[in-house]
Amino acid sequence: MGRRRVSVHLSNWGSHATPGRHGPVRKLSIMALPRAWERGEGSVPLLTPDAADVVDARHGRLDPAAYRVRFYRLVAFRVRKKGLGLAPGTLLTASGEPVVDGDTLLCACGAEKARGRRCHRVLAADLLAVAGWSVDLDGVRVNPDEAKARIRSEASVEPDVLEADDGPDLEVGRGDRVDDGPFVPWIVEELDESDPPEG
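I will try to describe carefully the structure that is included in this document.

Reading the values: the criteria
- Residue positions are counted from 1 within each chain, in the order its sequence is given.
- With pLDDT at 70 or above as the cut-off, local features in this predicted model cover only qualifying residues; side-chain atom pairs require 80 or more to be listed or tallied, and sums for whole chains, interfaces and linings still use all residues.
- Note that water and hydrogens are dropped before the side-chain values are worked out from all heavy atoms of the structure.
- In DSSP terms, a helix is any run of H or I states spanning at least four residues, a strand is any run of E spanning at least two, and both are numbered starting from the N terminus.
- Each residue gets one of three labels from its accessible area relative to the maximum for its type: buried under 20%, exposed over 50%, partly exposed in between, using a 1.4 Å probe on protein chains only.
- In this description, contact between two residues means that some pair of their heavy atoms is separated by no more than 4.5 Å.
- With residues, only the protein chains shown are counted as cover, and all accessible areas are computed by Shrake-Rupley using a 1.4 Å probe.
- At least two bridges found by DSSP between two strands is the condition for calling them paired.
- What makes a salt bridge here is a side-chain nitrogen of Lys or Arg within 4 Å of a carboxyl oxygen of Asp or Glu, nothing more.

### A closer look at the overall build of the chain
Working step 1: Along the chain, the regular secondary structure elements total 6 helices and 7 strands.
Working step 2: Taken from the N to the C terminus, the helices and strands of the chain come in the order β-β-α-α-β-α-α-β-β-α-β-β-α.
Working step 3: When burial is assessed residue by residue, the chain has 47% of its 199 residues classed as buried.
Working step 4: Within the chain, contacts between residues at least 6 apart in sequence are counted, and of these 69% link residues at least 24 apart.
Working step 5: About 9,900 Å² of surface is accessible on the chain, with carbon and sulfur atoms providing 51% of the total.

This is how it looks when you write it as structure tokens:
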């Protein structure tokens, strides 16, 4: 029998009254632009999208495929260049505390956006499942193998999906910059090497 995987829940703030949608521990924001009541007990910077991307997607200036690519790209940058961790025990809140078994990561997007993969929490859920977490997304367990296939498909979209000015100096994450070279996200490069713990 393998060791038990660490569990994390991802959902939206409005689902708090629905059984099984939130975990028993902390409510943590993964929102770029949270309102006062959406800040919870902290935030998780690694999984917070760029605020400009959120605004552009909301106003139709960034299509869903490009939004997904940009989110994967931002997470890849934060992991590879900033040294932030995605696996259990390494994923941290803004105050430096680890995300723990039973925490809930929350955004404001409704179920329709999540079903259409127009919400970054579904992307974050897949990344976490591949990184070794046991993930409940809106009350449904995420299969790591299916998550890996979705990431591979969405993150390997050709770079021309992005606007022409999204070159090597693309600004991401409040002043961070992605370095030169063709866009192949870290998560795609290392998926074959990842082997989440059994459980």
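Picking up after the structure, the text goes on.
### Here we look at the pairing of strand E1 (residues 7-12)
Working step 1: Buried residues dominate E1, accounting for 6 of its 6 residues.
Working step 2: Taking every second residue as pointing to the same face, both faces of E1 are buried, with Ser-7, His-9 and Ser-11 on one and Val-8, Leu-10 and Asn-12 on the other.
Working step 3: Of the strand pairs in this sheet, E1 and strand E4 (residues 134-137) are connected by 4 bridges, and their pairing is parallel. Bridged to Val-8 within E4 is Val-135.
Working step 4: Note: E1 against strand E3 (residues 103-107), 5 bridges, orientation parallel. In the strand pairing of E3, Val-8 is matched with Asp-103.

### Observations regarding the environment of Val-99
Working step 1: Structurally, the position occupied by Val-99 is in the loop between helix H2 (64-80) and E3.
Working step 2: Excluding residues that lie within four positions of it along the chain, Val-99 makes contacts with Val-8, Arg-26, Leu-28, Val-44, Leu-91, Leu-92, Thr-93, Leu-105 and Trp-133.

### Digging into the pattern of salt bridges
Working step 1: One pass over the full model with this rule turns up 8 salt bridges.
Working step 2: With a shortest N-O distance of 3.7 Å, Arg-68 and Glu-154 are connected by a salt bridge. On the criterion of sequence distance, the pair formed by Arg-68 in helix H2 and Glu-154 in helix H5 (residues 144-155) is long-range, its members being 86 residues apart. Pair check on accessibility: Arg-68 and Glu-154 agree, each one buried.
Working step 3: Across the pair Arg-141 and Asp-136 runs a salt bridge, and its minimum N-O distance is 2.7 Å.
Working step 4: A residue is classified by how much of its surface remains accessible, and Arg-141, at 51% relative accessible area, is exposed.
Working step 5: Salt bridges here are not isolated pairs; linked through shared partners, they connect Arg-26, Glu-97 and Asp-103.

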